[in-house]
Amino acid sequence: MSAIRFEEVTKQFSGMPRTAVDGCSFDVDEGALVVLLGPSGCGKTTLLKMVNRLYEPTGGRILFDGSNIQDFKITTLRKQIGYVIQQVGLFPHMTVAQNVAVVPKLLGWSREQTDPRIDELLTMIKLPPEEYRDRYPSQLSGGQQQRVGLARALAGDPKVMLMDEPFGAIDAITRTSLQDEMLRLQRKLRKTILFVTHDVEEALRMADKIVVMDKGHIVQYDTPFNILTQPVSRFVHDLVGADDMVRQLSLVRVETAMVPIPDDYRRNGEPTIGCQDNLRAALSLLLRTDTPALTVLNEHDAVGILTLDHIRSSAIGKEQV
Ligand code: ATP
């Protein structure tokens, strides 16, 4: 069962000529990070805000663990959903620890439960608690504030995280390190995440799957690799910069492009590559070692195969656009 299911979800703001979100249907698997990507005004934020009912759909429905979100009390629904936005919205008069404790407090946790949780979260986001717990937001950099916003959203251990351009206001270098940090956390936490961005490189890097939107519609829903190599239209091709394939492949993780290892697969001394490595490294290894396939490892376990043919046949699709 999918963690979140969108069925023909539509949002028509009253008095607006164009439907903001128009008949969108897709499934988000549990533990997947799905990116909503598309140009400004295509409906990404509107779609996201319907999940925690900041907006109500005017058509269709959204299922959360199989139940219509309209059947939940809004407070019950929101307790299960973390929300991170670009303007972090930390309370300026509260310390870092108090900011992170907001959700546990709402959930009625005791101090004995909350204090260790705060320290655990601050350690997780690489802000050592002894140094940062008692600081105020104004004493933090923008990137650090964003990390605290992330810790706050994770504090109640929600099943689902909604992230709306979470790194949008951050400089490019800090942004890349926050993306790495987020991917590291996600490998550990395996939350179901919906992540809005209009930054293609961020989408290719972060996503297990990407929803490409245009004018309220979903135009393609697939892995970063397939979107890059087999864009369904000129619009998608141009949006993801498929002409700059080699550069873009350096952003895509091997695990999103490999085929799962068959049960009867016997390793035959192929070179190996990590599932978190990027496809450009994989391609270069394939070409350098002149082998037809790589075994993909997660830590020490073989989890997939990546072949040159697989990449090549996908790349042929691109020429048909
Ligand atoms: P961006 O990347 O610029 O944030 P987006 O893809 O997130 O854009 P939305 O914010 O979802 O786009 O907006 C989709 C459409 O709905 C736009 O045409 C926008 O003007 C309209 N819209 C969004 N919010 C409202 C609102 N509260 N009332 C009326 N129209 C709205």
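These numbers come from a predicted model, not from an experiment. (Residues numbered from 1 in each chain as written. Predicted model: local features only at pLDDT ≥ 70, side-chain atom pairs only at ≥ 80, totals over all residues. Heavy atoms only, no water.)

**Considerations on the environment of T229**
We count it as follows: Numbering of helices and strands runs from the N terminus; a helix is a DSSP stretch of H or I covering at least four residues, while a strand is a stretch of E covering at least two. Relative accessibility under 20% of the residue-type maximum defines a buried residue, over 50% an exposed one, and the middle range a partly exposed one, all with a 1.4 Å probe and only protein chains included. Pairs of N or O atoms are called polar contacts if they sit within 3.5 Å, as long as, within protein, a hydrogen donor faces a hydrogen acceptor (for residues adjacent in sequence, only side-chain-to-side-chain pairs).
With respect to the helices and strands, T229 occurs in helix 10 (residues 224-229). Judged by its relative accessible area of 1%, T229 is buried. Within the structure, T229 has its side chain in polar contact with the backbone oxygen of F225 (distance 2.7 Å).

**Concerning the pairing of strand 4 (residues 59-64)**
Under the convention used in this document: At least two DSSP bridges between two strands are required for those strands to pair.
Note: strand 1 (residues 4-11) against strand 4, 5 bridges, orientation antiparallel. Each residue of the ladder has a partner; that of E7, found in strand 4, is R61. As paired strands, strand 4 and strand 5 (residues 67-68) are joined by 2 bridges and run antiparallel to one another. Each residue of the ladder has a partner; that of F64, found in strand 5, is S67. The loop that links strand 4 with its antiparallel partner strand 5 comprises 2 residues; one of these, D65, has a positive phi angle of about 50 degrees.

**Regarding the site of the ligand**
Rules: Throughout, the term near means that a residue has one or more heavy atoms lying within 4 Å of the molecule or strand in question. Values of accessible area rely on a 1.4 Å probe in the Shrake-Rupley scheme; residue burial ignores everything except the protein chains shown.
By nearness alone, 13 residues border the ligand, and S40, G41, K44, T45 and T46 come closest of all. In this structure, an oxygen atom belonging to the ligand sits 2.8 Å away from a side-chain N or O atom of T45. Across the complex, the protein chains shield 64% of the 640 Å² of accessible surface that the ligand would expose by itself.

**Some points on the sheet that holds strand 2 (residues 21-28)**
For the record, the criterion: Contact criterion: two residues are considered in contact whenever any of their non-hydrogen atoms come within 4.5 Å of each other. To get an axis, fit a line to the C-alpha atoms, keeping to the stretch in contact for a helix; angles then go from 0 to 180 degrees between the N-to-C directions.
The strand order across the open sheet formed by 4 strands is 2-1-4-5, and the pairing between neighbours is antiparallel. Where the open sheet ends on each side, the last strands, each with one partner, are strand 2 and strand 5. As paired elements, strand 1 and strand 2 share 5 bridges and run antiparallel to each other. Looking at strand 2, one finds that R5 is bridged to D27. Contacts from helix 1 (residues 44-51) reach strand 1, strand 2 and strand 4, with the element oriented near 120 degrees to strand 1.

**Overview of the sheet that holds strand 14 (residues 301-307)**
One open sheet holds the 4 strands; their spatial order is 11-14-13-12, and the pairing between them is mixed. The open sheet has two edge strands, strand 11 (259-260) and strand 12 (272-274), and neither has a second partner. With 2 bridges joining them, strand 11 and strand 14 adopt antiparallel strand pairing. Opposite P260, over in strand 14, you have G304 as the bridge partner.

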